[in-house]
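What the coordinates show
Here's the letter readout for the chains.
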Amino acid sequence: NALKDKSIPPAELTATQIQTLLSNKNTQLVAVAKNALSEVLPPAREDVLKAYAPALARKGDPVKGRAVFQSRCMVCHQAGGQGFQVGPDLITVKNRGRDALLTAILDPNREVAAQYISYTVNKSDGSRLEGLINDDSATGFNLTVMGGASIAIKRNEIKGTSSSGKSLMPEGLEKGLSPEDIADLIEFIETTIFTLINQITSQEDNGRAQALSIAGILLDFAEQNAGMTKVLISDALVNEDERLQVR
């Protein structure tokens, strides 16, 4: 009703909220939602891919791309030592090439691996959760939700579960972003932490601002990559020769 009478403006809904409404099992509710949200429904993915295809040929700015990643992606993905491990690590996706990376960003349901299919869990207390099921056993399972939290759910707490076979990542996250923004995001995903630091030092003249930006990148990286950080600071050695191992 709030959507029908516009007391909640459709533009205020997030892509995740829109996808949740459209995937509801209540066909009447879905019909009402489609009508009320017609102005903000995500366009066809093929049209979106064509519109953002110029991003593939652009040289993006990884520093700007970092900001895009933080605002749109890091709640479910990791890249450059930042984010939460809910969906696939975008650094591994980028190894399949720029075309595949652009498709993964703009058309998340094109190809969804089984472990990343989203499930809706309706609990006996009336609450409803959505996330990825893991550690499934006879007594219950863990549900990983956006933001990386893992919620333990017992079988006797569950009223029912369902899935549309889609990704937890909603369509339409490109809303408000230009092809230039997507090019920046791709550049960030493809860029190493050391290249990011070099770019900060070349673009930022203020030493204090440089130090703050670099410290933020390094601390984010260290928090998300504890094992690699131990190697980088020589707290652990990997494949070193015998002389260095002794030292």
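Residues numbered from 1 in each chain as written. Predicted model: local features only at pLDDT ≥ 70, side-chain atom pairs only at ≥ 80, totals over all residues. Heavy atoms only, no water.

1. Remarks on the overall build of the chain
Worth spelling out the cut-off: Runs of H or I in DSSP of at least four residues are treated as helices and runs of E of at least two as strands, each being numbered from the N terminus. Per-residue accessibility, obtained with a 1.4 Å probe over protein chains only, is compared with the maximum for each type, and a residue is labelled buried under 20%, exposed over 50%, and partly exposed between these values. Contacts were defined at the residue level, with two residues in contact if any of their heavy atoms lie within 4.5 Å. For the area figures, the Shrake-Rupley method with a 1.4 Å probe applies, and any residue is considered shielded solely by the protein chains shown.
When you go through the chain residue by residue, the secondary structure sums to 11 helices and 7 strands. Across the 247 residues in the chain, those meeting the buried criterion constitute 35%. Partitioning the contacts of the chain with sequence separation of at least 6, the portion at a separation of at least 24 is 60%. Only carbon and sulfur atoms are counted for the fraction: they give 52% of the accessible area of the chain, which is about 14200 Å².

2. Looking at unusual backbone geometry
Phi at D135 takes a positive value of approximately 50 degrees, unusual for a residue other than glycine. Along the chain, D135 falls in the loop between β4 (128-134) and β5 (140-144).

3. Some details on the sheet that holds strand β3 (residues 119-123)
Here is the rule we go by: Strands are treated as partners if at least two bridges between them are detected by DSSP. Axis definition: a line fitted to C-alpha atoms, limited for helices to the stretch in contact. Angles are taken between N-to-C directions and run from 0 to 180 degrees.
The strand order across the open sheet formed by 5 strands is β6-β5-β4-β3-β7, and the pairing between neighbours is antiparallel. Here the strands that pair on one side only, and so sit at the sheet edges, are β6 (150-154) and β7 (158-162). Each strand axis lies, on average, 45 degrees off the axis of its neighbour in the sheet, ignoring direction. Where β5 meets β6, 5 bridges bridge the pair, whose relative direction is antiparallel. Residue pairing in the sheet places T144 in a bridge with S150 of β6.

4. Topic: the packing of aromatic side chains
Rules: When two rings of Phe, Tyr or Trp (its six-membered ring) have centres within 6.5 Å they constitute a pair, described as stacked for plane angles under 30 degrees, edge-to-face for angles over 60, and tilted for the intermediate range.
Taken as a whole, this structure holds 1 aromatic pair when the rule is applied. Ring centres 5.3 Å apart and planes at 45 degrees place the aromatic pair F69 and F188 in the tilted group. Residue F69 is found in helix α4 (residues 62-72), and its partner F188 is found in helix α7 (residues 179-190); the two are separated by 119 residues along the sequence. Accessibility classification places F69 together with F188 in one group, the buried group.

5. Observations concerning the packing of helix α6 (residues 98-106) against α7
This is how the line gets drawn: When the near helix sits turned anticlockwise from the far one by under a right angle, the crossing is termed left-handed; a clockwise turn instead gives a right-handed crossing. The classification used treats Ala, Val, Leu, Ile, Met, Phe, Trp, Tyr, Cys and Pro as nonpolar, Asp, Glu, Lys and Arg as charged, and all other residues, Gly among them, as polar.
Close contact between α6 and α7 brings their axes to 11 Å; oriented N to C, the two are set at 120 degrees. The two elements α6 and α7 cross, and the hand of that crossing is right-handed. Contacts between α6 and α7 involve R98, L101, L102, I105 and L106 from the first element and I182, L185, I186, E187, I189 and E190 from the second. In terms of residue class, the contact of α6 with α7 is built from 8 nonpolar, no polar and 3 charged.

6. A few points about the environment of M74
On the secondary structure map, M74 appears in the loop between α4 and β1 (78-79). Residue contacts for M74: discarding those within four places in its chain leaves F69, G83 and F84.

7. Focus on the environment of G165
Among the structural elements, G165 can be located in the loop between β7 and α7. G165 sits in the partly exposed class, given a relative accessible area of 40%. Taking the C-alpha atoms as reference points, G165 and Y119, separated by 46 residues in sequence, lie 8.0 Å from one another.

8. Points about the side chain of D184
This is how the line gets drawn: None of His or the chain ends enter the tally, which takes Lys and Arg as positive and Asp and Glu as negative. For salt bridges, the criterion is a side-chain nitrogen of Lys or Arg within 4 Å of an Asp or Glu carboxyl oxygen.
When you line up the elements, D184 lands in helix α7. It is K64 that comes nearest to the buried, bridge-free D184 among opposite-charge side chains, at 5.3 Å.

That is the geometry; function is a separate question.
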